[in-house]
Amino acid sequence: MRGGGQSRFAGAVWTLTRDVEEFAAAVAPLVAQDPSEATLLLSTVAIVRAAGPMAPGQVFGWWSGSPGPAAVVVTPPYPALVHAGPHRSLSDHAAAALLGALAAAGIEPPGVESDPSTAARVAALWQAGSGGSAALGHVVRLMRLEELRAGDAPSGTARRASAGDAALLMAWLAQFAAETGMPAAPALSMRDRLSYGGWHLWCDPDGAPVSLAGRGRELGGVARIGPVYTPPGLRGRGFGGAATAAAARDALTVAEDVVLFAEVANATSRGLYARLGFVDHAERVAFEFRATGRSPETAH
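Along each chain, the written sequence defines residue order, and numbers are assigned to residues from 1. The predicted nature of this model means local features are confined to residues of pLDDT at least 70 and side-chain atom pairs, given and counted, to a pLDDT of 80 or more, with totals for whole chains, interfaces and linings taken over all residues. Hydrogens are left out, water is left out, and the side-chain values use all remaining heavy atoms of the structure.

A.B. asks: Quick rundown of the nonpolar core? Include the residues and the values.
C.D. replies: In these notes, a set of buried Ala, Val, Leu, Ile, Met, Phe, Trp, Tyr and Cys residues joined through side-chain atoms within 4.5 Å is what counts as a nonpolar core. Buried, partly exposed and exposed residues are distinguished by accessible area as a fraction of the type maximum, computed with a 1.4 Å probe on protein chains only: under 20%, between the cut-offs, and over 50%, respectively. Trp14, Leu16, Val72, Leu90, Val112, Phe287 and Phe289 are the most contacted members of the largest nonpolar core, which has 29 residues in total. Starting at the N terminus, helices and strands are each numbered in turn, a helix being any DSSP run of H or I of at least four residues and a strand any DSSP run of E of at least two. Mapped onto this core, the elements with two or more residues apiece are β2 (14-17), β3 (59-63), β4 (70-74), β5 (80-83), α3 (92-104), α4 (116-130) and β13 (278-290). It is α3 that provides the largest number of residues to this core, a total of seven residues.

Following this line, the structure appears as structure tokens:
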């Protein structure tokens, strides 16, 4: 597939394109079914519209067959993001057609992230066809705010981060990435969120920042909280919950729905978010594809 403009490749009833506007128009009805569950698609489209492709060779696609519409975004080094809609997963036929369309276009996805059934189905088909292996990466819950219950906050106050906090933000975001195994947030993304007051710091009584919570832009009526980070030596004191509550309170001023992702394996953070009023909404599973002869890497 040629890289740019309206150039596209159709494989079965998957259509691939590098044109974000073509993609956004094609998947609008799918996204509208549940904007909260489509939060990653919405944020990807917004980033590309504002700053261009997130990576060389980024490609978008949509499926127009049964059991219903679906969408995919491939942004190396991230897994291919597949969205099959609320309470639905790709069929074997649709999953096989997706891998066939990507292969015909010369695109090798680093992995797959989707609802549990779709992710497992695509990973199994990729393994069978390639002879490689698919390593389970993160398993996360998308949680949706039902009613904010901030509770008792620790001593201190919340404030929006400013340009003077940029170095601290980048340091903490790098530490967050190292701990979670996710790629570090680019400086451009950090500065964009600073521009609309999307970073919230919880500060101790002396004014020193002790925790961080981000708030994304309102997209489709939804604002997503994250990342949330507290340095290791400051954990267990309620700072992360206080920062999250501040970010969620701000998000409610711009969006109808507020969501966040929580690692299933991290019972502490999931419990904290539940106490704040977040409830489980959907689950996402990621697999990393490892071709034969490739050295094992840490799954993300």
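A.B. asks: Any chance you could break down the side chain of Thr230 for me, citing the residues and the numbers?
C.D. replies: Residue position: Thr230 is located in the loop between β11 (222-229) and α7 (239-251). Relative accessible area serves as the criterion here: at 9%, Thr230 is assigned to the buried category. Polar contacts, as counted here, are pairs of nitrogen or oxygen atoms within 3.5 Å of one another; within protein the pair requires one atom able to donate a hydrogen and one able to accept it, and residues that are adjacent in sequence qualify only if both atoms are side-chain atoms. Within the structure, the side chain of Thr230 is placed 2.7 Å from the side chain of Ser211, a separation counted as a polar contact. A contact between two residues is defined here by any heavy atoms of the two lying within 4.5 Å. Beyond its immediate chain neighbours, meaning those up to four positions away, Thr230 contacts Val210, Ser211, Arg235, Phe239 and Gly240.

A.B. asks: Describe the pattern of salt bridges, listing the residues and the values that go with them.
C.D. replies: For this document, the term salt bridge refers to a Lys or Arg side-chain nitrogen within 4 Å of an Asp or Glu carboxyl oxygen. What the rule picks out here adds up to eleven salt bridges. Taking the shortest distance from any N to any O, the salt bridge between Asp92 and Arg121 comes out at 2.7 Å. Here Asp92, found in helix α3, pairs with Arg121, found in helix α4; they are 29 residues apart in sequence, far enough to count as distant. Under the relative-accessibility criterion, Asp92 is labelled exposed at 51%. Between Glu288 and Arg290 there is a salt bridge whose closest N-O contact spans 3.7 Å. Each member of the pair, Glu288 as well as Arg290, carries the same accessibility label: buried. Taken together, the shared-partner salt bridges in this structure form one network comprising Arg141, Asp280 and Glu283.

A.B. asks: If you had to explain unusual backbone geometry to someone new, which residues and values would you point to?
C.D. replies: Residues Ser66 and Pro67 are joined by a peptide bond in cis, for which omega reads 5°. Considering the arrangement of structural elements, one finds Pro67 in the loop between β3 and β4. Following Pro76, the chain continues into Pro77 via a peptide bond in cis, with omega recorded as 10°. By the secondary structure assignment, Pro77 is in the loop between β4 and β5. Non-glycine residue His87 carries a positive phi angle of around 55°. Tracing the chain through its elements places His87 in the loop between β5 and α3. The exposed category is assigned to His87, whose relative accessible area is 81%.

A.B. asks: How would you sum up helix α8 (residues 267-276)? Please name residues and give values.
C.D. replies: If you check which residues of α8 are buried, you get Ser269, Tyr273 and Leu276. Projection of α8 onto a plane perpendicular to its axis shows the buried side chains occupying an angular sector of 55°, all on one side. Looking at α8, the residues exposed on the side facing more than 90 degrees away from the buried face are Ala267, Thr268 and Arg275. On the buried face of α8, the contacting elements are β7 (133-145), β11, α7, β12 (257-263) and β13. Phi for Gly277, located one or two positions after α8, is positive at around 115°. In this description, the arc belongs to the directions extending from the helix axis to the C-beta atoms.

A.B. asks: An account of helix α6 (residues 187-195) is requested, with residue identities and associated values reported.
C.D. replies: Of the positions making up α6, those classed as buried are Met190, Arg193 and Leu194. Buried positions in α6, seen along its axis, are confined to an arc of 105° and lie on one side of it. Exposed residues on α6 whose side chains face more than 90 degrees from its buried face are Leu188 and Ser195. Summarising the contacts, the buried residues of α6 are in contact with α5 (166-180), β9 (199-203), β10 (209-215) and β11.

A.B. asks: Tell me what's going on with the environment of Ile47, and back it up with residues and numbers.
C.D. replies: Following the sequence through the fold, Ile47 ends up in helix α2 (residues 39-51). Separated by 27 residues in the primary sequence, Ile47 and Val74 have C-alpha atoms spaced 14 Å apart.

A.B. asks: Can you break down the confidence of the model for the chain residue by residue, with the values?
C.D. replies: A score from 0 to 100, pLDDT tells how confident the predictor is in each residue. Confidence along the chain averages 91 in pLDDT terms, with 93% of residues attaining 70 or more. In this model, residues 2-11 is a region of pLDDT below 50 whose contacts with residues beyond four sequence positions or in other chains number 28 contacts.

A.B. asks: I'd like to hear about a nonpolar patch on the surface, residue by residue, with values.
C.D. replies: Within the patch definition used here, like charges are joined within 9 Å and nonpolar side chains (Val, Leu, Ile, Met, Phe, Trp, Tyr) within 5 Å, considering only residues with over 30% relative accessible area and no salt bridge. Shrake-Rupley sampling with a 1.4 Å probe provides the accessible areas, and residues are treated as covered by the protein chains on show and by no other component. A cluster of nonpolar side chains, contributed by Ile47, Met54, Tyr78 and Met182, occupies part of the molecular surface with about 300 Å² of accessible area. Positionally, Met182 belongs in the loop between α5 and α6. Given the relative accessible area of 30%, Met182 is considered partly exposed.

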